[in-house]
Amino acid sequence: MAIAGSATESASARCGPPLWLLAEVTYRCPLHCVFCYNPVDYTRYGEELTTEEWLRVLREARKLGAAQLGFSGGEPLVRDDLEILVAEAHQLGYYTNLITSGVGLTEQRIKAFKDAGLDHIQLSFQDSTQELNDFLTHTRTFDLKARVIKVVRAYGYPTVLNVVLHRLNIDHIEQILAMAEAMGVEYLELANTQFYAWAMVNRDLLLPTREQVERAEAVTNAFRQRVGDKMRVFFVVPDYYAKRPKACMNGWGSVFLTITADGVALPCHEARQLPGLTFPNVREAELSWIWNESPGFNAYRGDAWMKEPCKTCPERSKDFGGCRCQAYLLTGDATNADPACDLSPHHHVIEEAVLRAAEPQPDVRKIVFRNDKNSRALSERRVLEEPKRQ
Amino acid sequence: MADATPSLHSVPALASMFRFQWEEAQQCHVLLYPEGMIKLNQSAGEILKLCDGERDVAAIVAALEAKFQASGLGGDVLEFLEVAHGNRWIRY
């Protein structure tokens, strides 16, 4: 059978280029977002890559065929060599995207980025009301962001806004849309929180109810009808309320390559937490070996690793069994089907979380902000838990 | 929305968010845009290469006919440009 044959083929022989390179240039961040996807134990990790090391990574990845480059973090603007990295990336032929909270994005820096050839800026916003925006990020940043949008536009960049939705802000959807319209936003991404890392720690406080999600989607659809071509609005449905899992990273080791602040190469920005896999550091290995040959990147390539129900599922070539990290987080085994799929024997863990979301609002004062102190506390807890996981 | 149907006098240019380039690793021309990439077949690549905001469609057709020693390419070029404009890759 042709399909069974493909599973036994060497995975690395089939892999294409890492088209998408995500450079998480730092874990440092002036914000303390409760849904941050950085590892909760980020304070455990070593020194950031130097400018020279990043330049080498950019060159090696471009040679492998990377074409899209995202500068992210943490807050990438914390690095004062970002202009140098952007200039080199542009020179190499990358399409360069800056993914930022906007904190630190002065007019002077935008001008320098423009001169360096930066193609695109994506600004994240937490909510439309100053109180909630500042509460969720634990800083006072709202006015600053509104100012940043004006400067971004003045330098000819399209205004692209990303708002992370969750239980505490999703009912403000009208205000969020109105704010985006008033600011002349051209692309708005309403991304429901994905439950990993800090968001997982805060899941019971952040997971919206089904009614909240449905209402927000209906409001968004009506808004789209009204504004037409003026603004493109993307609404990303939370996978806890979908019947099928997301095609995470378009498949493990298929197009996506993350390099963390301290130089670890990952097939996705959450993969670092998976037990039993080691991911190489760009300080110790060449990127072509890492991408094509390293055991970590080949662990879940193709479909040979799959168990039932994925193994014989006709949809496995479409969603690749969902997300390995979510499978591990919620079932303890990364080779299980993503429990977001209602065919998964573990789907009940999703249903239980959804049921809990329908209960009265938990105490918001229990929310855990992403900061160094909480990271150290969570790191200690992880170290204690680790022997159990082996 | 502007009229999507180009004429021989239209002057197409790449839309501002897009970058057009040759990708060595994939051996094809691509269009890059925020967080995405479109792989182009050979004829799409040859047409877009000439969409420089200076040449009109008639000049683009003439250049392609000369390069490939062909005639009657006008219809195909106009058809592609209509699709490209519909996808917001180009503007006039």
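As a reminder, the structure under discussion sits directly above these lines.
For clarity, every value in this text was computed on a predicted model and none was experimentally measured. (Residues numbered from 1 in each chain as written. Chains lettered and ligands numbered in written order. Predicted model: local features only at pLDDT ≥ 70, side-chain atom pairs only at ≥ 80, totals over all residues. Heavy atoms only, no water.)

## Things to note about the overall build of chain A
Helix and strand counts for chain A stand at 17 helices and 9 strands. Out of the 390 residues belonging to chain A, those deemed buried represent 57%. Summarising the internal contacts of chain A: among those between residues at least 6 apart in sequence, 74% fall at separations of at least 24. Put simply, chain A shows about 16600 Å² of open surface, and 54% of that area lies on carbon and sulfur atoms. (Helix = DSSP H or I, 4+ residues; strand = E, 2+ residues; numbered from the N terminus. Buried < 20%, exposed > 50% of the residue type's maximum accessible area, 1.4 Å probe, protein only. Contact = heavy atoms within 4.5 Å. Areas by Shrake-Rupley, 256 points an atom, 1.4 Å probe, with all protein chains shown as cover.)

## Description of the sheet that holds strand β3 (residues 28–33) of chain B
Adjacent strands of a sheet form backbone hydrogen bonds with each other and so pair up, either parallel or antiparallel. All names here are of chain B. Pairing is antiparallel across the open sheet formed by 3 strands, whose spatial order is β2-β3-β4. Edge positions in the sheet fall to β2 (19–23) and β4 (36–39), since each has one partner strand and no second. Ignoring strand direction, the axes of neighbouring strands in this sheet form an average angle of 30 degrees. Sheet analysis places β2 next to β3, joined by 5 bridges and oriented antiparallel. Each residue of the ladder has a partner; that of Q21, found in β3, is V30. (Pairing = 2+ DSSP bridges. Axes fitted to C-alpha atoms, helices over the stretch in contact; angles between N-to-C directions.)

## So, the sheet that holds strand β3 (residues 95–100) of chain A
All names here are of chain A. Strand order in the open sheet formed by 9 strands is β7-β6-β5-β4-β3-β2-β1-β8-β9, with mixed pairing between adjacent strands. At either end of the open sheet lies a strand with only one pairing partner, and these are β7 (232–236) and β9 (265–266). Judged from the 4 bridges that link them, β3 and strand β4 (residues 120–125) form a sheet pairing that is parallel. Counted as the bridge partner of N97 is H120 from β4. Along the sheet, helix α8 (residues 173–182) makes contact with β4, β5 (160–165), β6 (187–192) and β7, crossing β6 at roughly 155 degrees.

## Here's the deal with helix α3 (residues 74–86) of chain B
Working note: α-helix, 3.6 residues per turn, so residues spaced by three or four point in the same direction. With 13 residues, α3 of chain B extends 18 Å from end C-alpha to end C-alpha; this agrees with the ideal 18 Å at 1.5 Å per step. Each element contacted by the buried residues of α3 of chain B is listed here: α1 (42–49), α2 (57–67) and β5 (90–91) of chain B. (Expected span 1.5 Å × (residues − 1).)

## Points about the interface of chain A and chain B
Every contact between the two is made by 20 residues of chain A and, on the other side, 14 residues of chain B. When chain A packs against chain B, close to 1400 Å² is buried across both sides, 52% of that on carbon and sulfur atoms. Among the residues chain A hides against chain B, the three largest losses belong to Q68, Y95 and D229 of chain A. Together they make up 34% of the total. Between the two partners, chain A and chain B, sit 3 salt bridges. Two residues, R88 of chain B and D229 of chain A, come together in a salt bridge whose shortest N-O distance is 3.2 Å. Linking chain A with chain B are 8 residue pairs in polar contact (both at pLDDT 80 or more), by the criterion used here. Going through the elements one at a time, α3 (51–64), β3 and β4 of chain A are the ones with two or more residues in the side of chain A that touches chain B. When grouped by side-chain class, the residues that make up the side of chain A that touches chain B number 9 nonpolar, 7 polar and 4 charged. (Buried area = accessible area lost by both parts, 1.4 Å probe. Salt bridge = Lys/Arg side-chain N within 4 Å of Asp/Glu carboxyl O. Polar contact = N/O pair within 3.5 Å; in protein donor to acceptor, adjacent residues only side chain to side chain. Nonpolar A, V, L, I, M, F, W, Y, C, P; charged D, E, K, R; others polar.)

## Structural notes on the pairing of β5 of chain A
All names here are of chain A. Within β5, 6 of the 6 residues are buried, which leaves it mostly tucked inside the rest of the structure. Here β5 shows two buried faces, one formed by V160, N162 and V164 and the other by L161, V163 and L165. Taken together, the 4 bridges between β4 and β5 define a ladder with parallel strand orientation. Looking at β5, one finds that S124 is bridged to N162. One ladder, built from 6 bridges, connects β5 with β6; its direction is parallel. Its bridge partner being in β6, L161 is matched across the sheet by L188.

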